[in-house]
Each structure stands twice: as C-alpha cells, then as structure tokens.
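# What the coordinates show
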Amino acid sequence: MKQGNGKIIALAALAMATLSLTIGFATYTQTLNIQETKFDVTPENTFTPNVKYKENSAVEVGHTGNATVTSAGTIDTEKTLWSGIQVGFTAPGEAVTLKATVENKSTFIAYLDQITTGSNKITCEAKTGTGVNSATQNIDEACSGIKVTVTPGTDTTNQMVVTSAAAGNVSNISNHSLAATTGTEDITLKIEYLDGSAVTDGDFTVTIPLIALTYKSTD
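In short, a report on the structure. One numbering rule holds for all chains: residues counted from 1, following each sequence as written. At least 70 in pLDDT is required for a residue's local features to be given in this predicted model, at least 80 for side-chain atom pairs to be given and counted, and no such filter applies to totals for whole chains, interfaces and linings, which use all residues. Water and hydrogen atoms play no part in the side-chain values, which are based on all heavy atoms of the structure.

Before going further, it helps to examine the nonpolar core. The nonpolar side chains of a soluble globular protein tend to be buried with one another. Nine residue types can take part in a nonpolar core, namely buried Ala, Val, Leu, Ile, Met, Phe, Trp, Tyr and Cys, and a core is a set of them joined through side-chain atoms within 4.5 Å. Note on exposure labels: buried denotes an accessible area under 20% of the residue type's maximum, exposed denotes more than 50%, and partly exposed covers the range between, all computed with a 1.4 Å probe on protein chains only. Ranked by internal contacts, the top residues of the largest apolar core, which has 36 residues, are Trp 82, Val 102, Ile 122, Val 148, Leu 189 and Tyr 215. A run of H or I in DSSP becomes a helix once it reaches four residues, and a run of E becomes a strand once it reaches two; helices and strands are each numbered from the N terminus. Looking at this core, the elements with two or more residues in it are strand 1 (51–53), strand 3 (68–75), strand 5 (94–104), strand 6 (110–117), helix 2 (139–143), strand 8 (146–152), strand 9 (160–162) and strand 11 (183–193). Aside from chain neighbours lying at most four places away, what touches Trp 82 is Tyr 53, Ala 58, Ala 72, Gly 73, Thr 74, Ile 75, Leu 98, Lys 99, Ala 100, Ile 187 and Leu 189. We call two residues in contact when some of their heavy atoms are within 4.5 Å.

The next subject is the state of the cysteines. Whenever a pair of cysteine sulfur atoms sits within 2.5 Å, that pair is classed as a disulfide. Per the stated rule, a full pass over the model turns up one disulfide. The disulfide that involves Cys 124 links it to Cys 143, with 2.0 Å between the sulfurs. Handedness of the Cys 124-Cys 143 disulfide follows from its S-S torsion of about 75°: it is right-handed. Placement of Cys 124 in strand 7 (residues 123–126) and of Cys 143 in helix 2 is noted, with a sequence separation of 19 residues between them. Classification of Cys 124 as buried rests on a relative accessible area of 17%. A relative accessible area of 4% places Cys 143 in the buried class.

To continue, consider the environment of Glu 103. Tracing the backbone shows Glu 103 in strand 5. Judged by relative accessible area, which is 13%, Glu 103 ranks as buried. Separated by 75 residues in sequence, Glu 103 and Leu 178 have C-alpha atoms that sit 7.8 Å apart. Sequence-distant contacts of Glu 103, that is, excluding residues within four places in its chain, are made with Asn 50, Val 51, Lys 52, Tyr 53, Lys 54, Gly 183 and Thr 184.

For salt bridges, the criterion is a side-chain nitrogen of Lys or Arg within 4 Å of an Asp or Glu carboxyl oxygen. The full count for this structure, using the stated rule, is four salt bridges. Taking the shortest distance from any N to any O, the salt bridge between Asp 186 and Lys 99 comes out at 3.4 Å. Of the two residues, Asp 186 sits in strand 11 while Lys 99 sits in strand 5, which places them 87 residues apart along the sequence. Exposure remark for Lys 99: the relative accessible area of 28% places this residue in the partly exposed category.

Right, here's the structure in full:
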C-alpha cells in the first residue's frame, strides 16, 4: 500500500509542474508616430521678370498729313517702360501710329488684366520758350480734339481711348493672353488730332498721361 501511494503522489507533482510551464507571458507593445505635418512651397517669381517689352521694339507704323515722328520712343533697360516719344502736328486731320512689342518668356500664360492711366486724361497748355509763337486762344477746344488709342495686339474690343475729357480705362479683360515661353504681341499707340477740331492761334503742348498695361498669371 505504501508503494502505491508513492506513485500517486509522484504523478500529481508531475502534473503540477507541467501546468506551471504552460502559463505564458503577456506581449508588450509600443506605437511610435510621426505627427501630421503641413508646410508651404514658395516658388521663385519667374513671371514678373519675364513679361516685358522687347528690347528696341518701339517703331513708327505710319502717319497722316504733315504729322512728324521725331522719335518713336525707347524701351528702358528694365524693359518695362516705353518713353521718349516725340511727335508733332500742324493741323486737324493728322495722326501718327507707333508700336512696341511685349513678349512673355515665362513658363506661365500671361493674361492681360487691365489698361489704365495715371492722371486719367490728356492735358494741353500754351508752349513757351524763346522764339515760340505761344497759343493764347482755343487751347481747351483744340485739346478736346486730341485722341489717343491703345490697342493690345489685334484686340479692338479692349482698346483704351484717352481724351482731354477722360480715359476709358479698361478693366477685367477676359480671353486675352500671351502663350507661355514664346507669346508676343504688339501694343499699338495711335495719336490723332481729329479732323474738324478747333485750331489755336499759336503753339501748344499736349501731355498724354502714363498708360499702364497689367498682365497677370490668372485670367
């Protein structure tokens, strides 16, 4: 009997030992994150420096009557200003037409957004100086016969007309653009002393206001 009980005890101990070996350990975890991130991309402005007048592009297109063109003007070194235009009239019915070329070398389409003037109208005053026959009469009346028309390319719909009364500033222009990289267009400037206008009793000077054409990268 004692021997048999000893076997029973031995088997029970083995079972307990086996049970203790089957108890596992818990798995530990850790999650490492990268926070959601936002950042800005600020590209270099390659549009503004590449939409300009073409160098040496200011030329006379033509004139009528005894109108003269001493200078069709010049394009400055920054190629953003057309200046130095010198023309002369002697009587109503005369006109001159000049042009300069705008080119778009940027990688974006250049959309013409508006055409505006600085002082908004043409002004006239008696010419002064040694040996000048200075006008004294009909200056304002003659000035009202001076007309300036700016035409971008062949777009007569968006011409801007400037007189001594006011300028017809053209804003919110649509569907007028220069192709990226290779787009060009002529800006035509026509100055007229309209037929039938008043005549002064001497010389007078006409001042045409600054005219600005604004191109943008959005239509």
